[in-house]
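Below are the chains, spelled out letter by letter.
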Amino acid sequence: MRRSEFRKTLLLIKHAFRIEKIRYLVWVAGIFSLMLVATHVNGQFTAEEMKEIVILSTGEPGMRMLVSPITEEGVSEISRFVFFRFSFIFSILFAIMSVQIVTRLTRLEEDASRAELVATSGAGRYARLSSALIVAFTVNLVAAFGMMLGLVINGLEFSGSLVAGLSYAGLGIVVAAFSALAAELSGNASSATGFSAITFGAFFVLNALANVTGNVHEDALGFESSFLAWFTPMGWTQEVYPFDDRNLWIFAFFLAAFVLVSLGAFYFVDKRDVGRGVLADRQGREHAPVWMRRPLGLVWRLQRGAFLAWVIPVAFLGIAFGAATEDLGVNFEDHEYFGEAFAEAAREMPFILTAVTAMVVSFYARVALLKMRKEEASGPLENVLSTPLPRLRWMAGHVLVGMAGSVILVLTYAFTQALVIIESPADIGEHLLGGLVQAGPVFLIAGLIIALFGLVPRRAGAVTIALILFFILAGSFFGPILDLPNAVKNLSPFTHADFLPENASIAKIITLYILGGLFAAIGFLAFKRRNLSF
Amino acid sequence: MNVIEIRDLQKCYGKAQALKGLDLTVKKGEVLGLIGPNGAGKTTTVRILLGLLKKSSGTAKVFGKDAWDEAVEIHKRLSYVPDDVRLWPKLTGGEVIDFLASLRGGINEERRARYIERFEFDPSKRCQSYSKGNRQKLALIAALSADVDLIVFDEPTGGLDPLMSKVFQQCVAELKDEGKTVLMSSHILADVEKLCDRVAIISHGRIVETGTLDEMRHMKRNVVTVRTVRPLEKLHELEGVHNVQKNGEEVSFQADNEQIDAIMRFLTDHGIRSIVSAPPTLEDLFMRHYEEGYKKEEVTRHETE
């Protein structure tokens, strides 16, 4: 690694901040505000209420996947309680932020051929990668301060708040380093993002297992993770205990992982050509198989990678969560005070998890449907639509895969989860029905995405991500945790799909599906009438 | 019969007006070159003809049908090679050719194989590894393999090397022999000069000049380069003489065809040692419109300032 290969890194860093400052600002402001609101809202609980919530969640292995360990002494302290509930969300936010920063500054630049310009204008070979990593590191630090500020404003202790913020930034920089590695290994931005997502998925699953197999305190007053937590940076974050032991030595883990994985990425910079990945191109077919020559066949060829990348993990998660929730409540049947509540909660748990899965699946709907926009803006749509293929038939293929695919994903989860849980085959219908209920909001969101693609193609990417995040936060799972007013919660389609199918209003669910169809129709009409937009 | 008929075509993007009343016709069996500077409206015109963009006003008809309303019917009889060929990164070249050909109503294996060979194209690679030239070749093969009446090329040879440009020229010549109609927008003047029956020069959203090359040359000036015994001091005062430039003993200038007789007498009087007179190249014609275009732009800029 010669020093001259880093030339102009500083220039690229400045450039990145100039181009992306709004994006970074939104991330930091978002993390700050969420921390501020979450702490404030959860601070309204009395000590006794906090304790009850901790006991209820801790007692359920399935629920432990989504919360963080908490000490016995901390169960009724807002400083610990807020992280008990929000650790999961903040981990995801820091991870997505880091993946986005690094991928945009590396692989996306390269795909747009801008990297070549930079590389030939005197910048060193490592400049792009090192600038991306430094920018990611910096933004993570700033976000950590934002988080700290959100806590301190709520009257929490300064040094504990700072350490808490930094522990998520630690996760962020490790994820950033893995994204850098993914960017070097893969052939384009979308597969780089895919690799990063899979990496983070693995972090999450390991962490979830660490929590499930963890050691529950007496009377379910919080729990500790098992040794598995040491194998995932998400676990490291949870092991810091910023308001208790304050294990500062764990930051050495974050830094070591960041440096080592980054070095790996730099190693591969030398091993590949600009614009290509390390994983080499194989020789392919000279002829298209017959099925691929039809419009729908081609759409399937283009979409199947993303669909498979979703359906397989979703099926496995169904099995894993199903197994984790299977003997739910059994441990607590004799609990003097919560016994009955547990029995009910235990029955509802799988349906709640289906709802959370549906929320995540709305990101699949976005990816699959905005493929259309990608085809239009940077793909061969111009060429395709100059053939006798009618516009709407082209669109119909993608819409079919995006809408049906989303519903199938939710049903797959409900199905594999049910396989583990149910006692008689007759019960499977109930779980599939639960899936169909929860797929309703996703179907509506899919329709909205189609409408936005038709109406405001250039804005569709940004608007859809904002909408989905809002719908999830205001929806049935996070809305109540955030204690949002009903008027806000009602704006989210997820609010209108009750967890248990017998509680769900059939009229409401059908309305969700009909609205989804209507929005999609608007999208079709708008696309038929508009200019292609490049 | 006119294959393409455009009358008073206007296209606005928000406040910016890309086409300001464009008129153009292309007859059956004709090869028409559409040339003009960047941003003149070439690609916009082509995309409107293909029904990809919607016109703001005017008429745009292909095969007598409205380019927007009956796009699908029109597309059955044309193929198109875009300026910037973008493909699916993970698919192979062969797969893309087959797919596009199938959309155009089925593949002619014999033609496909012939064009792949002529363009020395490797269809087994993934599109992400093709260079600009190779992507262009792919689009050309896909378009040429189809049996259609009209082919539209937008800057078809930008990425091709001279050898492949030559292959392309042969292909267009063959299309012409088969009686097909070709619309070709280009910057590469050599292509247009060799291939096109007629040329339309587009500038600032309007066709500023159209005709066969002969017609255009007829009205234009010859470029004369001459050496004389005695210095040509009063040459620039002569009627029909423009742009006199001295280069050592050599003098070059542009001469109006109508005045050529008088000019030649004047030169003979000074004792000609050597003389070369050439018809204007397309480049010369083109440069004039370029310059006028830029001048006009400057004037309007001054006016607004």
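Not measured: the values here are computed from a predicted model. (Residues numbered from 1 in each chain as written. Chains lettered and ligands numbered in written order. Predicted model: local features only at pLDDT ≥ 70, side-chain atom pairs only at ≥ 80, totals over all residues. Heavy atoms only, no water.)

Draft legend 1. Spatial organisation of the pattern of salt bridges. Residue and element names in this part refer to chain B. Per the stated rule, a full pass over the model turns up 27 salt bridges over all chains. Among the ionic pairs, Glu155 bridges to Lys42, the shortest N-O distance being 3.9 Å. Pair noted here: Glu155 is in the loop between strand S7 (150-154) and helix H6 (162-177) and Lys42 is in helix H1 (residues 42-49), with a separation of 113 residues, a long-range link. Residue Glu155 is classed as buried on the basis of its relative accessible area of 12%. With its nearest N and O atoms 3.3 Å apart, the salt bridge here joins Glu178 to Lys180. (Salt bridge = Lys/Arg side-chain N within 4 Å of Asp/Glu carboxyl O. Helix = DSSP H or I, 4+ residues; strand = E, 2+ residues; numbered from the N terminus. Buried < 20%, exposed > 50% of the residue type's maximum accessible area, 1.4 Å probe, protein only.)

Draft legend 2. The interface of chain B and chain A, seen in detail. The interface is formed by 39 residues belonging to chain B together with 41 residues belonging to chain A. Buried area between chain B and chain A, summed over both chains or domains, comes out near 3,700 Å², and the portion from carbon and sulfur atoms is 53%. Area buried by chain B at its contact with chain A is led by Leu52, Arg86 and Trp88 of chain B, which between them contribute 19% of it. Scanning the region where chain B abuts chain A turns up 4 salt bridges. Glu382 of chain A is the salt-bridge partner of Arg47 of chain B, the closest N and O atoms lying 2.9 Å from each other. The interface formed by chain B and chain A includes 20 residue pairs in polar contact (both at pLDDT 80 or more). (Contact = heavy atoms within 4.5 Å. Buried area = accessible area lost by both parts, 1.4 Å probe. Polar contact = N/O pair within 3.5 Å; in protein donor to acceptor, adjacent residues only side chain to side chain.)

Draft legend 3. Local environment of the sheet that holds strand S3 (residues 31-35) of chain B. Residues and elements named next belong to chain B. An order of S6-S7-S8-S3-S9-S10 is seen for the 6 strands of this open sheet, with the pairing classed as mixed. The open sheet has two edge strands with one neighbour each: strand S6 (78-81) and strand S10 (206-212). Averaged over all pairs of adjacent strands, the angle between strand axes in this sheet comes to 15 degrees, irrespective of strand direction. One ladder, built from 4 bridges, connects S3 with strand S9 (residues 198-203); its direction is parallel. Its bridge partner lying in S9, Leu34 is registered against Ala200. Those strands touched by H1 are S3, S6, S7, strand S8 (181-186) and S9, and its axis lies near 150 degrees from that of S8. Against the sheet, helix H5 (residues 132-145) contacts S6 and S7, and its axis sits at roughly 170 degrees relative to S6. (Pairing = 2+ DSSP bridges. Axes fitted to C-alpha atoms, helices over the stretch in contact; angles between N-to-C directions.)

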